[in-house]
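# Analysis of the macromolecular model
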Amino acid sequence: MASTGASDQSLRERASRVIPGGMYGHMRAAGLPAGYPQFFTRGEGCTIWDADGRKYLDFMCSWGPIILGHHHAAVDEAARRQLEKGDCLNGPTDKLVELAERLVGLMPHADWAMFSKNGTDATTTCVTLARGATGKRKILLASGAYHGAVPWCSPYPFGVTAEDRAHAIYFKYNDVASLEAAAAQAGNDLAGILVSAFRHDYGLDQELPDPAFAARARALATEKDAALILDDVRAGFRLSLHGSWNDLGVQPDLSAWSKAIANGYALAAVTGNDRFRKAALQLYATGSFWCGAASMAAALATIDVLQAEDGPARMRAVGQRFRDGVAAQAAKYGVGVRQSGPPQMPTILFEGDTDHATGSRFAFEALKRGVYLHPKHNMFLSSAHREADIDFALSVTDEAFAVIAGLR
Ligand code: PMP
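Residues numbered from 1 in each chain as written. Predicted model: local features only at pLDDT ≥ 70, side-chain atom pairs only at ≥ 80, totals over all residues. Heavy atoms only, no water.

Looking only at helices and strands, the protein chain features eleven helices and 13 strands. Taking 22 Å as the expected radius of gyration for a compact globule of 408 residues, we find that the protein chain reaches 21 Å, a close match to that expectation. When its C-alpha atoms are laid out on the principal axes, the protein chain stretches across 60 × 55 × 45 Å. Here the protein chain holds 408 residues, and 55% of them are scored as buried. Counted over contacts in the protein chain with a minimum sequence separation of 6, partners at least 24 positions apart contribute 75%. Between the averaged position of the 41 positive side-chain charges in the protein chain and that of its 44 negative side-chain charges there is a distance of 3 Å. (Helix = DSSP H or I, 4+ residues; strand = E, 2+ residues; numbered from the N terminus. Rg over C-alpha atoms; globule rule 2.2 N^0.38 Å. Buried < 20%, exposed > 50% of the residue type's maximum accessible area, 1.4 Å probe, protein only. Contact = heavy atoms within 4.5 Å. Lys, Arg positive; Asp, Glu negative; His and termini not counted. Charge placed at Lys NZ, Arg CZ, Asp CG, Glu CD.)

Below is the structure:
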């Protein structure tokens, strides 16, 4: 079995004694093919180094947060300047106001913003606000969609009671009939419809939102006096700087943000419209670290750079270069692959590969040659990825395809 380097092994051994399972959650290397490192030391641009100094071209970007590249000079400088003045104080700094103004200016749907730390904070706040504002209970959500790791939404039922989910009703993403059936089931008790920016379920083909589905979700929420909640935690700022459904002409009432908004600094946000302003002031929303000013300074710098360089367009272009190259290689080697999702958040799955064995082999062959892919989850491009990086990745995937095709 492929093993990782000596430092990684030693850290795993120490971790196994003091950390349950050695590691928990989505960053467990146990969820990846053998040979993937668990521990890292450094990131710079689109390159990461593991605990043994092995270097990889990064196609995960820390599972989304790194949107301008690791260790981005302007963002780190903004955070450092704020840290020198103070980060965790008795209350917020001017950065809170400035960032709220910035988000409200960027998002056509938004009249206000609130901040927290993780995506789950933001999605949970949105759901609570929807219930508080409407005085109703039912939340419609797509089966298989990820919205966080707490009992109302965790994909794993361990420690979750039926009561935690008593008011969740599930529909199929992009399926208007199932959405309507779920709304009918909610009857007069519909508080909100929670949707991801696109279908990005683990291990499955991704699906962009069908405009008719998005429009129907909007109309249903309005008709039923419920909230349309867009979970933009994963896709936010990669597809658009104005909200991921803006180009569809559909505006949510509430949006949840986190991951990429501060290029790796811990920050989440909820943006909302005036219909929900009163509820937002009634809700007791708080956390010891939610006013941290350094991450807000980082977010302001991140937005500056994304706007100046048209980050979404850049990521889309390099993502498309990668996708086209992979498609050409798959055809050349006669290997069936399915590429899905927006090019800047690509998913590559193999035909007939229900147990992901081929995908895992492919990813491992790439890893050995210095490219860190994910065999099942959507990947993430950053604006630090250049054409030359994509060309290097493609030289590696060419070899990985040759292995899959049995030629090496
Ligand atoms: N919503 C979506 C769509 C996500 O992808 C995630 C994280 N993967 C979350 C919510 C939860 O975010 P966090 O892990 O920061 O709590």
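Attention now goes to the packing of helix H3 (residues 94-106) against helix H8 (residues 293-308). The contact between H3 and H8 brings their axes to 9 Å, and the two run at 35°. As for the relative orientation of H3 and H8, their crossing is left-handed in sense. Here H3 contributes Lys95, Leu96, Glu98, Leu99, Arg102, Leu103 and Leu106 to the contact with H8, which in turn contributes Ala293, Met296, Ala297, Ala299, Leu300, Ile303, Asp304 and Gln307. For the contact of H3 with H8, the per-class residue count stands at ten nonpolar, one polar and four charged. (Axes fitted to C-alpha atoms, helices over the stretch in contact; angles between N-to-C directions. Left-handed = near helix turned anticlockwise from the far one by under 90°. Nonpolar A, V, L, I, M, F, W, Y, C, P; charged D, E, K, R; others polar.)

Note on placement: Phe364 falls in helix H10 (residues 357-368). On the basis of relative accessibility, which here comes to 17%, the residue Phe364 falls in the buried class. Remark: the alpha-carbon pair of Phe364 and Ile193, spanning 171 residues in sequence, is separated by 39 Å. Ignoring anything within four residues of it in the chain, the contact list for Phe364 reads Ala2, Pro33, Ala34, Gly35 and Tyr36.

Turning our eyes to something else, we now look at the nonpolar core. If you look at soluble globular proteins, the nonpolar side chains tend to sit buried side by side. By size, the foremost hydrophobic cluster in this structure holds 67 residues, and its most contacted members are Phe59, Leu140 and Ile193. Among the elements that make up this core, the one with the highest residue count is helix H11 (residues 387-404) (seven residues). Both domains that meet at this core, namely domain 1 (6-70 + 310-406) and domain 2 (73-309), each give it at least three residues. Every residue in contact with Leu140, bar those within four places of it in the chain, is listed here: Ile169, Phe171, Leu179, Ala182, Ala183, Ala186, Leu190, Gly192, Ile193 and Leu194. With 32 residues, the next largest nonpolar core counts Val75, Leu103, Met296 and Ala297 among its residues. (Core = buried A, V, L, I, M, F, W, Y, C linked by side-chain atoms within 4.5 Å. Domains from an automatic or database assignment.)

Along any regular strand, the residues point their side chains to alternate faces of the sheet. The side-chain alternation of strand E2 (residues 47-50) yields two buried faces, one formed by Thr47 and Trp49 and the other by Ile48 and Asp50. When strand E1 (residues 40-44) meets E2, the two strands line up antiparallel, connected through four bridges. Counted as the bridge partner of Gly43 is Ile48 from E2. What sits between the antiparallel neighbours E1 and E2 is a turn of two residues, in which Gly45 has the positive phi angle 60°. Two strands pair when backbone bridges link them, and E2 and strand E3 (residues 55-58) are joined in this way by three bridges, in the antiparallel orientation. (Pairing = 2+ DSSP bridges.)

One can find Arg238 in the loop between strand E8 (227-231) and strand E9 (254-257). The charged side chain of Arg238 is buried without a salt bridge, its nearest counter-charge being Asp58 at 8.3 Å. Of note is the side chain of Arg238, whose polar atom sits 2.9 Å from the backbone oxygen of Leu381. In this structure, Arg238 is in contact with Cys61, Gly64, Ile66, Ile67, Ala260, Pro312, Met315, Gln344, Met345, Phe380 and Leu381, ignoring residues within four places of it in sequence. (Salt bridge = Lys/Arg side-chain N within 4 Å of Asp/Glu carboxyl O. Polar contact = N/O pair within 3.5 Å; in protein donor to acceptor, adjacent residues only side chain to side chain.)

Attention now goes to the state of the cysteines. This model, assessed by the stated rule, comprises zero disulfides. For the unlinked cysteine Cys126, the closest cysteine sulfur is that of Cys153, found at 12 Å. (Disulfide = S-S within 2.5 Å.)

Its domain assignment divides the protein chain into domain 1 (6-70 + 310-406) and domain 2 (73-309). Centre-to-centre, using C-alpha coordinates, domain 1 lies 26 Å away from domain 2. Taken together, the contacts link 30 residues of domain 1 with 26 residues of domain 2. A buried area of about 2300 Å², summed over both sides, lies between domain 1 and domain 2, and 58% of it is on carbon and sulfur atoms. On the domain 1 side of the interface with domain 2, the three residues burying the most area are Ile67, Leu68 and Met345, jointly 24% of the side's total. Counting every contact that joins domain 1 to domain 2 gives two salt bridges. The residue Asp205 makes a salt bridge to Arg338 at a minimum N-O spacing of 2.9 Å. On the surface where domain 1 and domain 2 come into contact, there are 20 residue pairs in polar contact (both at pLDDT 80 or more). (Buried area = accessible area lost by both parts, 1.4 Å probe.)

This part takes up the sheet that holds strand E5 (residues 138-142). A sheet is described by the order of its strands in space; here seven strands give the open sequence E4-E10-E9-E8-E7-E5-E6, paired in mixed fashion. The open sheet has two edge strands with one neighbour each: strand E4 (112-116) and strand E6 (168-171). Across the sheet, the axes of successive neighbouring strands diverge by a mean angle of 20°, strand direction being ignored. Across three bridges, the pairing between E8 and E9 is parallel. Across the sheet, the residue bridging to Ile229 is Leu254, located in E9. Contacting E4, E5, strand E7 (190-196), E8, E9 and strand E10 (268-272), helix H4 (residues 119-134) crosses the sheet at an angle of about 165° to E9.

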